[in-house]
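Chain residues, written in single-letter form:
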Amino acid sequence: MVMMDDPFDLLRPTTVTVRVSAKVNLALGVGSLAPDGFHPLATVFEAIGIYDEVTVTRREGSRITLTVSGADADQVPTDETNLAWRAVELVREEFASGWGQRGHGIDIHIDKSIPVAGGMAGGSADAAGALMAAAALCRATDSPEELQPLAAQLGSDVPFCLTGGVALGRGRGDRLAPVICRGRHCWVFATSNQGLSTPAVYRRFDELGGNPGGEAVSNDLISALTRGDLDAVAASLSNDLQAAAIDLRPELEQVLTVGREAGALAAVVSGSGPTCAFLVRDTAGAKKVSAAVSNLPQVHRTRTARGPAVGAQLLPGPVGS
Ligand code: ATP
């Protein structure tokens, strides 16, 4: 008979699924390149209702495997370079004693809906999901607050992907403060056939002279969000990386123009791009903008989504899992 340290080991769940949302930056203020190689940021994130689902399954042994399904799955790495893999490794190191007798082999599966390399924090969202799922599986914690320090080690956007909602991010975007947001926002996103590398966009931002004013977010935006004034929110959207993304992909300019002409309240490049984000008044407005921009050859797909969405959430598992 095998003696178990933990008599409840066999009762632990073996599979946990976490749903994670994409993000858009309502404002992205970028400062000058610092000696540590990073640009200081002042940004307002909004979580958007486009979701990946990350399932983490525990099994015998010590290997990690990773599979991906869904749109654009073939563009996602399935090795240790995937941020979800790194999140699971971090949880195993941090909570080494929490795995019990049945080993700490882990199968990760990502069901992907968030555009890949689209400036919508897809990899960061998966890291947040894997972090929460693995920590829940070894019964360490499933609290987003407690997981924040580990999330910040994985990437600048990962802490926000855990908490969701609307938040002001400073530092590298990982020092978060919640922002009160009244009302909901209806968005259309136009993805491109080919992603843009975030480091390449930052390099071009520097080459174009950076932003001598330094990183900042306008008080008008925060105030408009707090009042729930949609037109004022639209008037305050901004992105310091937009010029660099358009310099690398001039065809994005036309996507933004066509969306505005079709009635979008505002049109911005999402984060480092190349996804273009259109804030619209309602579902009818979303249909018009979506129809107009989806005719453009440089647009791969359009997606409609609402924000703000919640952060990483444990999904109820099947009975006996
Ligand atoms: P951000 O908005 O945070 O700058 P992004 O949304 O533009 O990121 P990602 O979808 O995170 O970009 O993909 C950027 C690169 O990261 C991809 O080209 C891919 O090689 C790599 N990557 C690592 N893990 C993942 C993941 N889980 N999902 C997607 N891409 C990943």
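In this numbering scheme, every chain counts its residues from 1 along its sequence in written order. For a predicted model such as this one, the threshold for reporting local features is a pLDDT of at least 70, and the threshold for listing and counting side-chain atom pairs is 80 or more; totals across whole chains, interfaces and linings nevertheless cover every residue. The basis for every side-chain value is the complete set of heavy atoms in the structure, and neither hydrogens nor water enter the calculation.

A. Looking closely at unusual backbone geometry. Cis peptide bonds are those with omega within 30 degrees of zero, and the linkage from Gly273 to Pro274 qualifies with 5°. Working definition: helices are DSSP H or I runs of at least four residues, strands are E runs of at least two. Numbering for both runs from the N terminus. Along the chain, Pro274 falls in the loop between strand S9 (266-269) and strand S10 (276-280). The phi angle at Ala117 is positive, at roughly 50°, despite the residue not being glycine. Of note in the backbone geometry, Ala121 takes a positive phi value of approximately 65° without being a glycine. Overall, Ala121 belongs to the buried group, its relative accessible area being 9%. Note on classification: 1.4 Å probe, protein chains only; a residue is buried when its accessible area is under 20% of the maximum for its type, exposed when over 50%, partly exposed between these limits.

B. Representation of the environment of Asn295. Looking at the secondary structure, you find Asn295 in the loop between helix H10 (283-294) and strand S11 (299-307). With 40 residues separating them along the chain, Asn295 and Val255 place their C-alpha atoms 9.9 Å apart.

C. Up close: the pairing of strand S5 (residues 166-171). In terms of strand pairing, strand S2 (residues 41-59) meets S5 through 6 bridges, oriented antiparallel. From the neighbouring strand, Ala42 faces S5, where its bridge partner is Arg170. We call two strands paired when DSSP finds no fewer than two bridges between them. Both S5 and strand S6 (residues 175-178) contribute to a ladder of 4 bridges, which runs antiparallel. Following the sheet pairing, Gly169 is matched in S6 by Leu176.

D. Just the pattern of salt bridges, in detail. We count a salt bridge whenever a side-chain nitrogen from Lys or Arg sits within 4 Å of a carboxyl oxygen from Asp or Glu. For the structure shown, the criterion picks out 9 salt bridges. Across the pair Asp229 and Arg227 runs a salt bridge whose closest N-O atoms are separated by 3.1 Å. Overall, Asp229 belongs to the partly exposed group, its relative accessible area being 28%. In this structure, Asp231 engages Arg281 in a salt bridge whose closest nitrogen and oxygen atoms are separated by 2.8 Å. Here Arg281 lies in the loop between S10 and H10 and Asp231 lies in helix H7 (residues 230-236), a separation of 50 residues in the sequence. The exposure class of Asp231 is partly exposed, given its relative accessible area of 41%.

E. Summary view of the packing of aromatic side chains. Aromatic pairing here means that ring centres of Phe, Tyr or Trp (its six-membered ring) are within 6.5 Å. Orientation follows from the plane angle: under 30 degrees is stacked, over 60 is edge-to-face, and everything else is tilted. Enumeration according to the criterion identifies 2 aromatic pairs in this entry. When the centroid spacing of 4.6 Å and the interplanar angle of 10° are considered together, the rings of Phe45 and Phe160 count as stacked. Of the two residues, Phe45 sits in strand S2 while Phe160 sits in helix H4 (residues 158-163), which places them 115 residues apart along the sequence. As far as burial versus exposure is concerned, Phe45 and Phe160 are alike and both buried. Look at Trp187 and Phe189: their rings are 5.9 Å apart centre to centre, the planes differ by 20°, and that puts the pair in the stacked class. Each member of the pair, Trp187 as well as Phe189, is classed as buried.

F. The packing of helix H1 (residues 83-94) against helix H2 (residues 122-137), seen in detail. For every element, the axis is a line fit to its C-alpha atoms; helices are fit only across the contacting stretch, and the angle between N-to-C directions ranges from 0 to 180 degrees. At a minimum axis separation of 7 Å, H1 and H2 run at an interaxial angle of 30°. When the axis of H1 is compared with that of H2, the two are roughly parallel. H1 and H2 meet at a crossing whose hand is right-handed. Counting all contacts with H1, which are made through Leu83, Ala84, Ala87, Val88 and Val91, the residues of H2 involved are Gly123, Ser124, Asp126, Ala127, Ala130, Leu131, Ala134 and Ala135. Gly is placed with the polar residues, together with every amino acid not listed as nonpolar (Ala, Val, Leu, Ile, Met, Phe, Trp, Tyr, Cys and Pro) or charged (Asp, Glu, Lys and Arg). Looking at the contact of H1 with H2 residue by residue, the class counts come to 10 nonpolar, 2 polar and 1 charged. Note that the term roughly parallel is reserved for angles under 35 degrees, roughly antiparallel for angles over 145, roughly perpendicular for angles of 65 to 115, and oblique for everything else. Helix crossings fall into two classes, left-handed where the near helix is turned counterclockwise from the far one by less than a right angle and right-handed where it is turned clockwise. The contact rule is simple, with two residues in contact once any of their heavy atoms fall within 4.5 Å.

G. Summary view of the site of the ligand. Neighbouring the ligand are 22 residues; Ala117, Gly119, Gly123, Asp126 and Asp157 lie closest to it. Counted as a polar contact is a pair of N or O atoms within 3.5 Å, where, for protein atoms, one must be capable of donating a hydrogen and the other of accepting one, and residues adjacent in sequence contribute only when both atoms are in side chains. With respect to the ligand, the backbone of Ala117 contributes an N or O atom lying 2.8 Å from an oxygen atom. Measuring from an oxygen atom of the ligand, one finds a backbone N or O atom of Met120 at 3.1 Å. Exposure was quantified through the Shrake-Rupley algorithm and a 1.4 Å probe, taking into account, for residues, occlusion by the shown protein chains and nothing else. Calculation on the ligand without its partners gives an accessible area of 610 Å², and the protein chains cover 78% of this total. Elements with a minimum of two residues in the shell around the ligand: strand S4 (105-112) and H2. Near, as used in this document, describes a residue that has one of its heavy atoms within 4 Å of the molecule or strand being considered.

H. Broad picture of the side chain of Arg92. In this structure, Arg92 sits in helix H1. In this tally, Asp and Glu contribute negative charge and Lys and Arg positive charge; neither His nor the terminal groups of the chain are included. Buried within the structure, Arg92 lacks any salt-bridge partner; Glu89 is the closest side chain of opposite charge, at an N-O distance of 5.5 Å. Within the structure, Arg92 has its side chain in polar contact with the backbone oxygen of Ser62 (distance 2.9 Å). In contact with Arg92, not counting residues within four places along its chain, are Ser62, Arg63, Ile64, Trp99, His104, Gly105 and Ile106.

I. Representation of the sheet that holds S10. Pairing within the open sheet is antiparallel, and its 4 strands lie in the order S9-S10-S7-S11. Both edges of this open sheet fall to S9 and S11, since each of them pairs with a single strand only. Within this sheet the neighbouring strands show an average axis-to-axis angle of 20°, counted without direction. Running at roughly 165° to S11, H10 makes contact with strand S7 (185-192), S10 and S11 of the sheet.

Fair warning: the whole summary comes from geometry, so function is off the table for now.
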